[in-house]
Amino acid sequence: MKDNIVLFGGSFDPIHQGHLLMAKCVHNLFNARVIFILAKRPRWKKVAAKDNDRLQMLKIALKDLDTEDFSYSDYELKQDAKINYSIETIKYFKELYPRNKIYFLIGADQVNRFDDWKEGLLISKLVQIIFFPRLNAEINETIVKKYQMLKILNQKIPDISSTEIRNLKKLNEISGVREYIEDHNLYYMETILNKYIIDEHRYFHSLSVARLALKIAISNNLPNKEIYYIAALLHDLGKTKYYDSDQINEIMHRYYDEYYDLPLFTYHQFIGHYIAKELLGISDEKILRAIEFHCTGIDKMDEVGMITYLSDKIEPTRGFDSSFLINSALKNYYQGFIDTLIDNRKYLLNHHKDIHNRLTQACFEMYLNKGEE
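The structure displayed is predicted, hence computed values, not measured ones.

(A) The packing of aromatic side chains, seen in detail. For the structure on display, the rule yields 23 aromatic pairs. Centre to centre, the rings of Tyr75 and Tyr92 are 4.1 Å apart; their planes meet at 15°, and the pair counts as stacked. Residue Tyr75 is found in the loop between β3 (70–73) and α3 (86–96), and its partner Tyr92 is found in helix α3; the two are separated by 17 residues along the sequence. Between Phe104 and Trp117 the ring centres are 6.1 Å apart and the planes differ by 75°, which places this aromatic pair in the edge-to-face class. Taken together, the positions of Phe104 in strand β4 (residues 102–106) and Trp117 in the loop between α4 (108–111) and α5 (120–126) put the pair 13 residues apart, joining distant regions of the chain.

In C-alpha cells:
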C-alpha cells in the first residue's frame, strides 16, 4: 500500500473520463493512493442527481481502474452539515492517516476563488494543494503562490465537464456510467428526452437508436463517436408533445418554408432540427443535419447522417428481424447504409408508402443510382 494519498473531492455529477485521467495522472506522479470523496452539499454547486445515484456511478467508474490504489469515501455523504467544507474533510483524513503525506486535488475553476474558501491557509498547511490548469483558463498566480499550490503541467486531460454531459453537449465515455444514466432517467434523459418526446414508445425507440448508432461507430472505429450517439438520441425530438399542428405549421413556414410542400410525416425531422438548434443549443452541424434528414434521407449524406438514418430504420425494437442489416452496418457502415436503403425502398413500395418526395428521391438516386419509376 502506497504511503502518499491524494484526496480528490467533487460532486462527480456525473463522474467522467476527465476525472479518471486526472486520478491516474496524480497516482503515477506522486506514487499515491487516490481517494475520491463525493460531496453531499458542495458550497458553490447545486447537484443534479441524488446522492445514491452519484455514488453508484462513482463505483461503476472505479471498476475501470481495477486497482486497490483507487477508492472512494462516503465521509461527506454521512455528514449532516448544511455545507461540506473541505477543511473538515481534510482534518478527518489527517487524523485517519497521520503519517502519510496528503495531497489535495482541486479543480482549476476553484484556484482563483480559493481566498473565499473556509480556512484556506490552514488547508495549505495541512496538505499539498494540487491542480490541473485548464485550456484557455487564466490562473491567478498570486493565489497559487499564497497557498503554495502545485500546478500539474504537461498532462493531456480532455476538456470536458460534467455540465456538458448533463446538457448532452458531450457524451460520457465511461460506458457503465452512460448506461446508468440511461437506465435511471438522469440528466439529459429526463430534461431533454423525457421532456420533449411524445410518448414512452418513442422514448425507448430513441434510446435504442442511439445505442445502435454508437455501437456501429465503435465497430467501424470512427472518430468523435459521441456525435453519433447524440444525433441518434435526439433524432425524433420533432415528435414532441409541446407543439400542436398550428405551431408546427408556423415553425415550418418561418424556418423551413422550402420544405413545406413535403408530406406531413416529414415535418418532424425539421421540427427536431429546430428544437435541437434553437432550444437545446446544439451547434454541431453534423448532428443537426443528421436530425434534419433522418426520416427522408437526402443526397450527399455524411457518415453521421447515414448512421442515424440506418439506425432509425433497423434498430432492434422495430418489430422485424433486422439482424442482417445490423451486422452489415457493424462490418461497414456505408454498406450497411446501402443495404438499409434497398430494404427501406422495398418496404415503402410494397406497403404503398410515399416514395415520391424529392428528398427521398434524391437520396435513392444518389446512392442506389435509380429513382422511383
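(B) Representation of the environment of Leu122 in the model. Relative to the assigned elements, Leu122 resides in helix α5. Leu122 sits 35 residues away from Ile87 along the chain, and the two C-alpha atoms are 7.9 Å apart. If we ignore the near neighbours within four places in the chain, the residues touching Leu122 are Ile87 and Lys91.

(C) Region of interest: helix α13 (residues 267–279). Taking 1.5 Å per residue as the helical rise, α13 with its 13 residues ought to reach 18 Å, and the 17 Å between its terminal C-alpha atoms agrees with that figure. Burial analysis of α13 places 10 of its 13 residues in the buried class, which makes it a mostly covered element. All of the buried residues in α13 are Tyr267, His268, Gln269, Phe270, Ile271, Gly272, His273, Tyr274, Ile275 and Ala276. The elements touched by buried residues of α13 are α9 (188–196), α12 (245–255), α14 (285–292) and α18 (358–368).

(D) Region of interest: α12. Those residues of α12 not exposed but buried are Ile248, Ile251 and Met252. Taken around the axis of α12, the buried residues stretch over an arc of 100°, which confines them to a single face. Opposite its buried face, α12 presents the exposed residues Asp246 and Arg254, each directed more than 90 degrees away. Against α13 lie the buried residues of α12. Between a side-chain oxygen at the N-terminus of α12 and the backbone nitrogen of Asp246 the separation is 3.1 Å; the capping residue is Asp244.

(E) Quick look at unusual backbone geometry. A cis geometry characterises the amide bond from Asp13 onward to Pro14, with omega recorded as 5°. Of note in the backbone geometry, Asn185 takes a positive phi value of approximately 55° without being a glycine. Residue Asn185 is classed as partly exposed on the basis of its relative accessible area of 24%.

(F) Structural context of the packing of α9 against helix α10 (residues 200–219). Axis separation between α9 and α10 bottoms out at 10 Å; the angle between their running directions is 120°. In this view, α9 runs oblique relative to α10, as classed from their interaxial angle. Where α9 crosses over α10, the two elements pack in a sense that is right-handed. Taken together, the residues of α10 that come into contact with α9 (itself represented by Met189, Leu193 and Asn194) are Tyr203, Ser206 and Leu207. Among the residues forming the contact of α9 with α10, the class breakdown is 4 nonpolar, 2 polar and no charged.

(G) Main features of the side chain of Glu76. Here Glu76 is to be found in the loop between β3 and α3. One buried charged residue, Glu76, forms no salt bridge at all, with the nearest opposite charge on Arg54 at 8.0 Å. The contact partners of Glu76, leaving out residues within four places of it in the chain, are Ile37, Leu38, Ala39, Lys40, Asn84 and Thr89.

Each value, and the rule that gives it
- Residues numbered from 1 in each chain as written.
- Predicted model: local features only at pLDDT ≥ 70, side-chain atom pairs only at ≥ 80, totals over all residues.
- Heavy atoms only, no water.
- Phe/Tyr/Trp six-rings, centres within 6.5 Å; stacked < 30°, edge-to-face > 60°.
- Helix = DSSP H or I, 4+ residues; strand = E, 2+ residues; numbered from the N terminus.
- Contact = heavy atoms within 4.5 Å.
- Expected span 1.5 Å × (residues − 1).
- Buried < 20%, exposed > 50% of the residue type's maximum accessible area, 1.4 Å probe, protein only.
- Arc of directions from axis to C-beta.
- Polar contact = N/O pair within 3.5 Å; in protein donor to acceptor, adjacent residues only side chain to side chain.
- Axes fitted to C-alpha atoms, helices over the stretch in contact; angles between N-to-C directions.
- Parallel < 35°, antiparallel > 145°, perpendicular 65-115°, else oblique.
- Left-handed = near helix turned anticlockwise from the far one by under 90°.
- Nonpolar A, V, L, I, M, F, W, Y, C, P; charged D, E, K, R; others polar.
- Lys, Arg positive; Asp, Glu negative; His and termini not counted.
- Salt bridge = Lys/Arg side-chain N within 4 Å of Asp/Glu carboxyl O.

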